[in-house]
Amino acid sequence: MMIVQLHLYITNVLCISNSKHLRILIPLVPLWITGALCVKDIPLSQIVALVGNPTYLPCDISTSHDGDSVLLVLWYREDLGTPVYSVDARDRDFEIAEKWSDDAVFSNRANFMPDRKPAELGIDNVKEEDAGLYRCRVDFQIGQTRNSKVNLTVIVPPHKIQILDDAGVLQNPFVGPYSEGETLQLFCDVYGGKPTPSVVWYQNNEIKSNQTENLHYNDGEKRVRSEIKISNLRRGDVGSQVTCVATNNNKSIPLQASIQVDMNFGPLDVKIVAANQPLSAGRRYDLMCKTSGSRPQATVTWWRNGQRLESFKESTSNDGNTTTSILSFMATKADAGKHLSCRAENPTIGSGPIEDGWTLEIRYVPETQIQLGASLNPGAIREGTDVYFDCLIKAEPAVYKVEWRHQGKTLHHNVGLGIIISNQSLVLQGVDRKSAGNYTCVAYNGEGDGESSPFYLNVMFAPTCEPNQTRVHGVAKQEKANISCQVDANPPEVQFRWTFNNSAESIDVAAGHIARAGTLSIVSYTPMTELDYGTLLCWATNHVGSQRVPCVYHIIAAGRPDMVHNCTTSNTSTNSFSVRCTEGFNGGLQQSFLLEVRESNSQDLHANLSSPVPRFSVTDLESGALYQACIYAYNDKGRSEAMVVQAGTLRLPEKQLTSESDRPQQHIKLTPMLSVMIGVVAALVIVAIVVMIVLRIQHSTVENDGKSHTEVYAKANKSVSIQRELRLRDGNSLLTDEKHSGSPFRKLDSAGEFCDSDDKNPDIIPQQISGDEPSDYLRKRRLISTIETSPSRNLLDHPAVVAISGQSNYVGYCTIRNGMPLHDLSNLTAKHKTFQPIVSEVYGSGVCTLPRQYWPNAEGVQSMTMSPPVLYTGLGMVSHATPSTVLLPKDAEPRAPAQCCLQSQQEAITSTPLVLSKRESSV
């Protein structure tokens, strides 16, 4: 009857709540009541768990009947009347049984694990309220219902621990500081914990106390306090660690708190390292003072005669026991006899300082001062005046040597040069401008040498011209040039005067063309005519006097530079070489240099370099090739002729491999007999060579004597007959000698006469020269000895130089600075009808050269110049031997357009033809 009423009650509750879980539990209520009436001798298990950790409650679900299975598993807590967890396998397999957990108890923290032996109910993150007695009921399909109990004990460790001093102040991580002999008293408060924790005190891992005092409740929170006392603290207690440990189980880590004992001590000692030593003035010392035994570190101070010094640094050892102070001390002469001390004290304990020190002994280098003689005025010393100095010295220890210096160089006693050194005095007799400058005296003692402050001796003198100035200025007509004049004068307040001088007159330059800046004067000069080229003279004057010798500057007509010479190659490798030349006259202007490197056969350009000096380094070339290096000098007026240098690169090394078996194996043993034979053969060879050299020298001497007598006899018996002949062929034919095709004139033989073949040649028109014409002609022809290459020269504009019948294949001549006057050239032309200075279209621009040969631009033949030219001895010229030859039309071969140093017809019009001989230049 009771069961029916309970069933009806639950059904009513189900209708009201509509709970899913109650639908499951309603059919189980009768079974639960029946099982409760049958419970007896239920096994009990004890489980201990820590708060926050997982735990597992066992429940045996095994069966001993075949074909039996678990239908239902229910978990109950004794303080609750309803199940807290269930596993329902009715009408389904146990593997997919429906699991349910009470949200008010475990919620999702519980999970039943049937695979374990025995099966367990796992609970995650155990809480303090989960503690209690749990019962597991298992219903089988065949077997009898089984019950088991589990007592879950939940341990709550303490959650807070603090260490307080005797005043109740929280201490962490240090306590103190305490002084020696004082008593240390501490309290340890532990909060929370179930069951009640126990407290133990440790000092440096040694148990000091394990007594727990009364329990106190503060705001409902459980607290446990423990006390420790350490009497008569000593230096050994400093830094010791005092630890309070609280625990209530053996599963969790004990709760603990630690502090260190801090104590204060005064310094035990203080000492200055390496004291009582003499110090040198002017030298910086690092004085060290050490003190130990103080806690905290001692305060170290330095004192000098009661005055505190500040320039020091402190450092402490790793254990904090030793303090080191380093004073950076600069000793001076004034510190001699003063007391230097180091003090150490600990102001926190109130004890007095301790001190160490010594009396200073100072040594210093000599202090010198130079003084001019009392009777001399330093502002009125001129060249020729006698000057003397005195050196005043203070030193400790005494000096052993005194030295005098001028501009840093030591002066030595020399009466002949007017330098007299006596003890600590210096006498200079008859000073000049070289004597001006800084004078010092140096005194030496054991500490070093002391040099005085420099005394500047000012020697006044009249202006003189500064060296290394530009003396030659190349200026074109109507071109403005600024000529600067720099003088050396003391005092530098100078006045300048300029004059212009040529062969006709001397003129003072107007003040309007002169500018002055200190000792520099600049005159603006513009030559308008030939007479404006000459010499500018510059004078300067100050209150000492006037300049005796003026500064001379030559104004010349600007022209192209001379070609370089003395060219050599060096540093030749497989892909590079270097070229170095000597520069020629710059034509009166700043010149630079150009290098063109071409392959000898193809004339391909491989390098094009420029440099302010005639030194070049060519790289990135082909190995084993031959090159032509053409070096030019150029300025604003044009480019010089080229200097051609043949250069080549080295070939790459060849690799030759020979097997060891193919190499001849020679074993030559040097015996005494073989050595003697080698020596005899070598002696015979040397004797033979000496005999051949002696015979050759004697033979050469005999030939030279015979040749000399022959020449003297020929000169005494033959008169020199100078004839000149020209062979004029068709309009475009070459002007050449019948016998020597490389010259436009016939050469004289060694006796001064023509060859017989020339006399018999019908193409030669003889020209008789009567009277003094030959000697006059030779005299004037010798004047034409150098080349004037400047295009500005107007020789071709002279009436005497005219083109003949419009032909373009004749030879023209022109003079230079020291050449033949134009009127003489006209006279010579009038006297010798066959000698006509001819100017062709090629030279219409005013360019003139030595005799040159020209061919028309026939197919495959270009206009050539002589490279280098041949100067004929018959006309007073010099012939230079050269491997180069003049190309005749029948010998001419086509060349590449970029042929180095061979100019085309257009180049011949715009620039001076290449003449590879050194030109003379005069100013």
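Shown above is the structure to which this text applies.
A brief report on the enclosed structure follows.

What counts, and at which threshold
- Residues numbered from 1 in each chain as written.
- Predicted model: local features only at pLDDT ≥ 70, side-chain atom pairs only at ≥ 80, totals over all residues.
- Heavy atoms only, no water.
- Helix = DSSP H or I, 4+ residues; strand = E, 2+ residues; numbered from the N terminus.
- Buried < 20%, exposed > 50% of the residue type's maximum accessible area, 1.4 Å probe, protein only.
- Contact = heavy atoms within 4.5 Å.
- Areas by Shrake-Rupley, 256 points an atom, 1.4 Å probe, with all protein chains shown as cover.
- Patch = residues over 30% accessible without salt bridge, like charges linked within 9 Å, V, L, I, M, F, W, Y side chains within 5 Å.
- Salt bridge = Lys/Arg side-chain N within 4 Å of Asp/Glu carboxyl O.
- Phe/Tyr/Trp six-rings, centres within 6.5 Å; stacked < 30°, edge-to-face > 60°.
- Lys NZ or Arg CZ within 6 Å of the ring centre and 35° of its normal.
- Disulfide = S-S within 2.5 Å.
- Core = buried A, V, L, I, M, F, W, Y, C linked by side-chain atoms within 4.5 Å.

Describing the overall build of the chain
Within the chain, the regular secondary structure consists of 8 helices and 53 strands. Classification of the 923 residues of the chain by burial places 40% in the buried group. Residue pairs at least 24 apart in sequence account for 66% of intrachain contacts in the chain once pairs closer than 6 positions are excluded. Carbon and sulfur atoms provide 51% of the accessible area of the chain, an area that totals close to 52,000 Å².

Some details on the environment of Gln429
Mapped onto the secondary structure, Gln429 falls in the loop between strand E33 (425-428) and strand E34 (437-445). Measuring from C-alpha to C-alpha, the distance between Gln429 and Tyr388 comes to 8.4 Å, with 41 residues separating the pair along the chain.

Re a nonpolar patch on the surface
Where nonpolar side chains cluster on the molecular surface, the patch consists of Val681, Val685, Ile689, Ile693 and Ile697 and spans about 450 Å² of accessible area. Note that Ile689 resides in helix H4 (residues 672-717). On the accessibility criterion, Ile689 (45% relative accessible area) is partly exposed.

Comments concerning the packing of aromatic side chains
One pass over the structure, following the stated rule, counts 7 aromatic pairs. Relative to Trp404, the ring of Phe389 has its centre 6.4 Å away and its plane inclined at 35°; by these criteria the two rings are tilted. Highlighted residues: Phe389 in strand E29 (residues 387-396) and Trp404 in strand E30 (residues 401-406), separated in sequence by 15 residues. A single burial state applies to Phe389 and to Trp404, both of which are buried. Centroid distance Phe500 to Tyr525: 5.3 Å. Interplanar angle 25°. Geometry classified as stacked. Remark: Tyr525 occurs in strand E43 (residues 520-525) and Phe500 occurs in strand E40 (residues 495-501); sequence separation between them is 25 residues. Put simply, the rings of Phe389, Trp404, Tyr439 and Phe455 touch in pairs and so form one group of aromatic residues. If you follow Arg343 out to its NZ or CZ, it ends over the ring of Trp303, 4.3 Å from the centre. The ring of Tyr444 carries Lys401 above its face, with NZ or CZ at 4.4 Å from the centroid.

Considering the state of the cysteines
The final tally for this structure, using the stated rule, is 7 disulfides. Each sulfur in the disulfide pair Cys59 and Cys136 lies 1.7 Å from the other. The chirality of the disulfide connecting Cys59 with Cys136 is left-handed, given an S-S dihedral of about -60°. Within this pair, whereas Cys59 is found in strand E2 (residues 55-59), its partner Cys136 is found in strand E8 (residues 132-140), the two being separated by 77 residues in sequence. Classification of Cys59 by relative accessible area gives buried; the value is 1%.

Quick look at the pattern of salt bridges
Within this structure, the stated rule accounts for 24 salt bridges. Across the pair Asp130 and Arg109 runs a salt bridge whose closest N-O atoms are separated by 3.0 Å. In this pair, Asp130 is assigned in the loop between strand E7 (119-123) and E8 and Arg109 in the loop between strand E5 (98-101) and strand E6 (110-113), connecting sequence segments 21 residues apart. As far as burial versus exposure is concerned, Asp130 and Arg109 are alike and both buried. As a salt-bridge pair, Glu451 and Arg405 come within 3.5 Å of each other at their nearest N and O atoms. Here Arg405 lies in strand E30 and Glu451 lies in strand E35 (residues 448-451), a separation of 46 residues in the sequence. Three or more residues are tied together by salt bridges with common partners; here these are Asp189, Arg223 and Arg225.

A few points about the nonpolar core
The biggest cluster of nonpolar side chains holds 28 residues, and the ones touching the most others in it are Leu57, Val73, Trp75 and Phe112. Looking at this core, the elements that each hand over two or more residues are strand E1 (44-50), E2, strand E3 (70-77), strand E4 (83-88), E6, E7, E8 and strand E9 (146-155). In terms of residue count, the dominant contributor to this core is E8 (4 residues). Excluding anything up to four places from it in sequence, Leu57 contacts Ile47, Trp75, Ala119, Glu120, Leu121, Ile123, Tyr134, Val150 and Leu152. Residues Ile163, Val175, Leu184 and Val261 belong to the second largest nonpolar core, which totals 22 residues.

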